[in-house]
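Residue-level structural notes
Okay, here's what each chain looks like letter by letter:
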Amino acid sequence: MEYKKLNNHIIPMLGFGTLHIPPAETKKCVLDAFECGYRLIDTAASYFNEKEVGEAIKESNIPREQLFITTKVWIQDSGYEKTLKAFNTSLENLGLDYIDLYLIHQPYGDYYGSWKAMEELYNQGKIKMIGVCNFSAERFVDLYMNCYIPPMINQIEFHPLFQQKELVNVLNDYHCQVEAWGPLNEGQRDIFNHQTLKKIALKHHKSVAQVILRWHIQQGVIAIPKTVSKERMKENMDIWNFKLDEDDVKTIGSLDMGYSEIIDHQCYATAKWLNKYKIHD
């Protein structure tokens, strides 16, 4: 494992995502991930599996200081008071005394109120790092310039087919760490059989998934791939014994389509849909 130091905290560069893993399968999957060496686990209130992640953490008996646990506040709970309540619910669900990273899940609703609450929780030591998800450049800069504690991480869609180069440059300028959700493009566009990526994988005697994740690491981007297969977990973790060369990196850089085929957060329909999505009564 490689690590990055941010705000005096050490973050694994490769983590395990739990989006779309049903609650009934989550505990086993997280325990499998622990066994494969993962220590960064990413969940969210809207994934409905925080309790099961917490059960896996407890059963694993891994010292708490060796783990890096991320969860997120949903739009329905945006705003100062509601975020404080949502945070405490997540903390209880996970069975933890603190959260390593707490994120605003979507760039909608009263996220300024949420950020004020998160700053307080950070100052109280209940959160070690605070950040956002899916914030475009202008929304990120606006929040950055109107807050007390700047966002430390922006978790965004990032993979060879959608590299968000302008946004990444802005985040780098503001010393905000990029973390990739969907680093394997959620398997879309038959990415594991992409001919260009297969050629690079063959050269290094690795799989396409391993090449993609290694590319993330060499870009300085934290990646949180998701899988329910223990064999895939092992495969995704086996990326530390090779390095892409300059030609590989340049070739992968040329694959950027410049748009997402998963979700467009700057589309009014997306804002409407996500604001209507409720995770509790």
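Everything below is about the structure printed above this text.
The notes below deal with the structure included here. (Residues numbered from 1 in each chain as written. Predicted model: local features only at pLDDT ≥ 70, side-chain atom pairs only at ≥ 80, totals over all residues. Heavy atoms only, no water.)

Ordered by their spatial adjacency, eight strands build an open sheet running β3-β4-β5-β6-β7-β8-β9-β10, and the pairing between neighbours is parallel. Looking at the sheet topology across the chains shown, the edges are occupied by β3 (16-17) and β10 (222-223). Bridge count for strand β6 (residues 99-104) against strand β7 (residues 127-133) is five bridges, and the pairing is parallel. Note that in β7 the partner of Ile104 across the bridge is Val132. (Pairing = 2+ DSSP bridges. Helix = DSSP H or I, 4+ residues; strand = E, 2+ residues; numbered from the N terminus.)

This paragraph deals with the packing of helix α3 (residues 80-94) against helix α4 (residues 111-123). Where α3 contacts α4, the two axes come as close as 7 Å, and the packing angle between them is 50 degrees. Taken as axis vectors, α3 and α4 run oblique relative to one another. You can see that α3 and α4 cross each other, and the crossing is right-handed. Contact with α3, carried on its side by Tyr80, Thr83, Leu84 and Phe87, involves Gly113, Ser114, Lys116, Ala117, Met118, Glu120 and Leu121 of α4 and no other residues of that element. Of the residues that constitute the contact of α3 with α4, the class distribution is six nonpolar, three polar and two charged. (Axes fitted to C-alpha atoms, helices over the stretch in contact; angles between N-to-C directions. Parallel < 35°, antiparallel > 145°, perpendicular 65-115°, else oblique. Left-handed = near helix turned anticlockwise from the far one by under 90°. Contact = heavy atoms within 4.5 Å. Nonpolar A, V, L, I, M, F, W, Y, C, P; charged D, E, K, R; others polar.)

Before going further, it helps to examine the packing of aromatic side chains. What the rule picks out here adds up to nine aromatic pairs. Judged by centre distance (5.6 Å) and plane angle (80 degrees), the ring pair of Trp74 and Tyr277 falls under edge-to-face. Of this pair, Trp74 sits in the loop between β5 (68-73) and α3 while Tyr277 sits in the segment after α11 (268-276), and the two are 203 residues apart along the sequence. Through pairs of rings, three or more aromatic residues link up here, namely Tyr111, Tyr112 and Phe135. Taking NZ or CZ as reference, Arg64 lies 4.0 Å from the ring centre of Tyr98, over its face. (Phe/Tyr/Trp six-rings, centres within 6.5 Å; stacked < 30°, edge-to-face > 60°. Lys NZ or Arg CZ within 6 Å of the ring centre and 35° of its normal.)

Our focus in this paragraph is the pairing of strand β2 (residues 9-12). Two strands pair when backbone bridges link them, and strand β1 (residues 3-6) and β2 are joined in this way by four bridges, in the antiparallel orientation. Counted as the bridge partner of Lys5 is Ile10 from β2. A loop of two residues connects β1 with β2, the two strands running antiparallel in sequence, and Asn7 in this loop sits at a positive phi of about 50 degrees.

Now for the side chain of Asn134. Looking at where Asn134 falls in the secondary structure, it is placed in the loop between β7 and α5 (137-144). Taking the relative accessible area as the measure of exposure, Asn134 reaches 10% and is therefore buried. A polar contact of 3.1 Å, which involves the side chain of Asn134, links it to the backbone oxygen of His105. (Buried < 20%, exposed > 50% of the residue type's maximum accessible area, 1.4 Å probe, protein only. Polar contact = N/O pair within 3.5 Å; in protein donor to acceptor, adjacent residues only side chain to side chain.)

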